[in-house]
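Here is how the chains run, residue by residue.
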There are 2 protein chains.
Amino acid sequence: MSERIITAAVIIIGNEILSGRTQDSNLREIALTLGEWGIRVMEARVIPDIEDTIVSVVNEVRALYDYVITTGGIGPTHDDITAESIAKAFGVELIEQPQIAALIRKYPASPDVLESRLRMARVPAGAGLVENATGGPPAFFIGNVYVLAGVPPIMRVMLTSLRSKLTGGAVLQSRSVTAYLEESAIATPLQDLQQAHPQVEIGSYPFFEGGRVGTTLVMRSTDEALLDRVMAQVEALVATAEARSPVPGA
Amino acid sequence: MSERIITAAVIIIGNEILSGRTQDSNLREIALTLGEWGIRVMEARVIPDIEDTIVSVVNEVRALYDYVITTGGIGPTHDDITAESIAKAFGVELIEQPQIAALIRKYPASPDVLESRLRMARVPAGAGLVENATGGPPAFFIGNVYVLAGVPPIMRVMLTSLRSKLTGGAVLQSRSVTAYLEESAIATPLQDLQQAHPQVEIGSYPFFEGGRVGTTLVMRSTDEALLDRVMAQVEALVATAEARSPVPGA
């Protein structure tokens, strides 16, 4: 039952995320969506709007994973340098894409406003288009690198249009069990269970909810039957531990 | 007025962030806090709970920046592998830290629960402690790598205790101006202003607010007098553009 795992990296491009001014939400959205398509996000990078950095990070990760998704830096202002950086990463010219330029030219504008808007028509030579159902300019892809907007509602719409472009593998299914126990109360049996089932990834995540300590146990695997068996065992070990120590630390 | 910029990288360790199950909020918190201390976050990595990955990423970034802050993977369960991975990255033994172990042993527990809790006393040999004002086990640092919990309220408390350990440089101050204009309406004068003032980083961030299009212009510099002069120029160019095109695209 060995199957190839399809992988991706996400590159969040933007000084505003690294300064803390803006809370990123695109990584989570992309990870959940690609996960549903059978593509696993293996790493994410948050990097500044610096050309050399974008070029080297894109070239590093596009060699490591099946797909790379970038967000940010494709607007009309001087600080939007993603398109030219990706062109450099691929060693190709930055060109004015005729379809995008025609779309932009439909709207009346003064010469300098038009010139700024046309920055959004610049793509690396050989790039394909990523549709933008908001009616705004499309984004683009080149090789295995998909370049999306950073503004979340636009990113989301562009991401949807990748569905037909990306090929996923088996979907990593998940199950979760909530235990009102501190993690150490179940750590030992949980470790034994993990060792018995290396094909299931078992994660333990503590939480504090209205002064109450708890742990969410998350199981992930592409094998649903196995996942259900392991979940039943997790539920049993949680029930045993709750019966033994209803109050954390008691 | 050349001064050394103090830099940091953040490493978010955790499968739950990469799967999208959990929305990270630690990066923003760390970036804002370090920013106030005069330390700039230059990149962030989100990586899985895989030892080889943690070792190689930690070793890569600790050589590049003044400080490295990691979050996640220091709890008592089998999937918490950060401490042992950091020890491997530094090529030192993982030891039981006597102060942390003594704190943990104060609380009664069955042998297997105690054994699990004592996983949180394991630190790389030579590590110093990062206080944990919640009363839970302290975290640790070794070299320039500061290893914090992943659960946000605990991370925040640990981060506060780094104040006396980290040395910042000049604080990057920021100003922002909100324009109810699309970005392209001000892109040209903004680019001219950026070219005239390379010491000020000018960012343009579009937003959509109740159907209204706008742009937040953010200026950042360590020189406050210069920043105020540039902000006045940004306000002037926004006023000019708003007078010229009160309705986007009109």
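Preceding this section is the structure that the text describes.
Described below are features of the structure shown in this document.

Cut-off values and rules
For every chain, the first residue of the written sequence is number 1, and numbering continues from 1 onward in sequence order. Chains carry letters and ligands carry numbers; both start at the beginning, A for chains and 1 for ligands, and go up in the order they are written. It should be noted that, the model being predicted, local features are given only for residues of pLDDT at least 70 and side-chain atom pairs only at 80 or more, the latter also being counted only at that level, while totals for whole chains, interfaces and linings use all residues. Water and hydrogen atoms play no part in the side-chain values, which are based on all heavy atoms of the structure. Working definition: helices are DSSP H or I runs of at least four residues, strands are E runs of at least two. Numbering for both runs from the N terminus. To get the radius of gyration, use the C-alpha atoms; to get the globule rule, take the number of residues to the power 0.38 and multiply by 2.2 Å. Accessibility here uses a 1.4 Å probe with only protein chains present; expressed as a share of the type maximum, an area under 20% marks a residue as buried, one over 50% as exposed, and anything in between as partly exposed. Every residue pair with non-hydrogen atoms within 4.5 Å of one another is taken to be in contact. Note on areas: Shrake-Rupley, 1.4 Å probe, and residue coverage restricted to the protein chains presented here. A pair of aromatic rings is counted whenever rings of Phe, Tyr or Trp (Trp by its six-membered ring) have centres within 6.5 Å, and the orientation is called stacked for planes under 30 degrees apart, edge-to-face for over 60 and tilted otherwise. Only lysine NZ and arginine CZ atoms are considered, and such an atom sits over a ring when it is within 6 Å of the ring centre and within 35 degrees of the ring normal. Polar contacts, as used here, are pairs of N or O atoms within 3.5 Å; protein pairs need one atom able to donate a hydrogen and one able to accept it. Residues neighboring in sequence count only if both atoms are side-chain atoms.

### Focus on the overall build of chain A
Moving on, step 1. The secondary structure content of chain A amounts to nine helices and eleven strands.
Moving on, step 2. Computed over C-alpha atoms, the radius of gyration of chain A comes to 23 Å, more than 25% over the 18 Å expected from 2.2 N^0.38 for 250 residues, which places it beyond the range of a compact globule.
Moving on, step 3. The dimensions of chain A, computed from C-alpha atoms along their principal axes, are 75 × 45 × 30 Å.
Moving on, step 4. For chain A, with 250 residues in total, the buried portion stands at 54%.
Moving on, step 5. Partitioning the intrachain contacts of chain A with sequence separation of at least 6 by distance along the chain shows that 68% fall at a separation of at least 24.
Moving on, step 6. On chain A, roughly 10,700 Å² of surface is accessible, and the fraction owed to carbon and sulfur atoms is 53%.

### Re the packing of aromatic side chains
Moving on, step 1. Applying the stated criterion across every chain yields a total of six aromatic pairs over all chains.
Moving on, step 2. Judged by centre distance (5.9 Å) and plane angle (90°), the rings of Y180 of chain A and F207 of chain A are edge-to-face. Remark: F207 of chain A occurs in strand β10 (residues 201–209) and Y180 of chain A occurs in the loop between β9 (173–179) and α8 (187–196); sequence separation between them is 27 residues.
Moving on, step 3. A relative accessible area of 26% means that Y180 of chain A is categorised as partly exposed.
Moving on, step 4. Taking relative accessible area as the criterion, F207 of chain A reaches 16% and is therefore assigned buried.
Moving on, step 5. On the numbers, 5.1 Å between centres and 15° between planes, the contact of F141 of chain B with Y146 of chain B is stacked.
Moving on, step 6. Residue classification places F141 of chain B among the partly exposed residues on the basis of a relative accessible area of 21%.
Moving on, step 7. What makes Y146 of chain B buried here is its relative accessible area of 5%.
Moving on, step 8. Lying over the aromatic face of Y180 of chain B, R212 of chain B brings its terminal NZ or CZ to 3.8 Å of the ring centre.

### Some details on the side chain of R175 of chain B
All names here are of chain B.
Moving on, step 1. Relative to the helices and strands, R175 resides in strand β9 (residues 173–179).
Moving on, step 2. For R175, a relative accessible area of 18% translates into the label buried.
Moving on, step 3. A distance of 2.8 Å separates the side chain of R175 from the side chain of E224, its partner in a polar contact.
Moving on, step 4. Side chain to side chain, R175 and D228 meet in a polar contact 2.8 Å long.
Moving on, step 5. Aside from chain neighbours lying at most four places away, what touches R175 is L217, V218, M219, E224, L227, D228 and M231.

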